[in-house]
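# Structure assessment
For reference, the chains in residue letters:
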Amino acid sequence: MKLSLKKEQIVTLSMVGVFLATIVTLYIVFSSSINEAIKDNFAGNTLSIFQGLGVTLLIALTSFLLGIIVGTITCLVERIESKNTFVLILKNLFKAYVSIFRGTPMVIQLLVIYYVIFASFTGDPIFVAIFCFGLNSGAYVSEIIRGGINAVPKGQVEAGRSLGLSYSTVMMKIVFPQALRNALPSLGNEFITLIKETSIVGFISIIDLTLAFRKVANATYDYNTVYLVMGAMYFVLVMLFTVILHFIEKEAFKHVKTK
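Treat the numbers as computed from the prediction; the structure is a model and nothing was measured.

### Comments concerning unusual backbone geometry
The backbone phi angle of Ser205 is positive, close to 65°, even though this residue is not glycine. On the secondary structure map, Ser205 appears in the loop between helix H8 (167–197) and helix H9 (209–220). Although it is not a glycine, Tyr221 sits at a positive phi angle of roughly 65°. Inspection of the secondary structure puts Tyr221 in the loop between H9 and helix H10 (223–258). In this structure Tyr221 comes out as exposed when scored by relative accessible area, which is 64%.

### Quick notes on the environment of Ile130
Structurally, Ile130 can be placed in helix H6 (residues 125–150). The buried category is assigned to Ile130, whose relative accessible area is 15%. Sequence-wise, Ile130 and Thr62 are 68 residues apart; in three dimensions their C-alpha atoms are separated by 6.6 Å. Aside from chain neighbours lying at most four places away, what touches Ile130 is Ile59, Thr62, Ser63 and Leu66.

Calculation criteria
Residues numbered from 1 in each chain as written. Predicted model: local features only at pLDDT ≥ 70, side-chain atom pairs only at ≥ 80, totals over all residues. Heavy atoms only, no water. Helix = DSSP H or I, 4+ residues; strand = E, 2+ residues; numbered from the N terminus. Buried < 20%, exposed > 50% of the residue type's maximum accessible area, 1.4 Å probe, protein only. Contact = heavy atoms within 4.5 Å.

Below, the structure written as structure tokens:
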């Protein structure tokens, strides 16, 4: 077991080393032309690109937090065990919300919310984007948390109820903490997806990372260099947050195991 794991690590590190060596070799061979292209394209545009990066991160982070709140509420409402008419109507409304946002493209949701629902809105369109992405994320988060709850053994719920605890107490004190731990990897993936999906906010005139690069490309007509750098920047951004999320996930599981 340990030997196979070691071999896997060796193979992974070897492939990463070959990839990095290839990149470095190509840069050394074409360094003069690459440096010239970067200088011609990004001289004077660095600030706008980093401002676009800040907008991308702002929308992704705030939308993710909003999505967690909306998704958690949605999931808990859908699991209410009640035949009350108001509760049944509420549950069907939340089910319809999840179906709509999971069943339509993100770009259509953004355009409809901005140009139809918020047609008379005169404030910063970033707030509309956060609202839209938060609702979209909430629909997926609700399903992620539902899967995490279903992964908790039903015997724990029955044991809690047999001790005289209410259903809400069992859910909040016993089931939900374990469900959150089960859902943590999928929640991390949802955040990574949000970072990439924010690239469409240029449709409502928000200068994010993608639109900042597009403006540079339109000004210099060097689409190859600009879009390659943009792709590399998104890749580094995603890899960075992937490492951070894996670390958080590892620490969370470590805490649970030692408890």
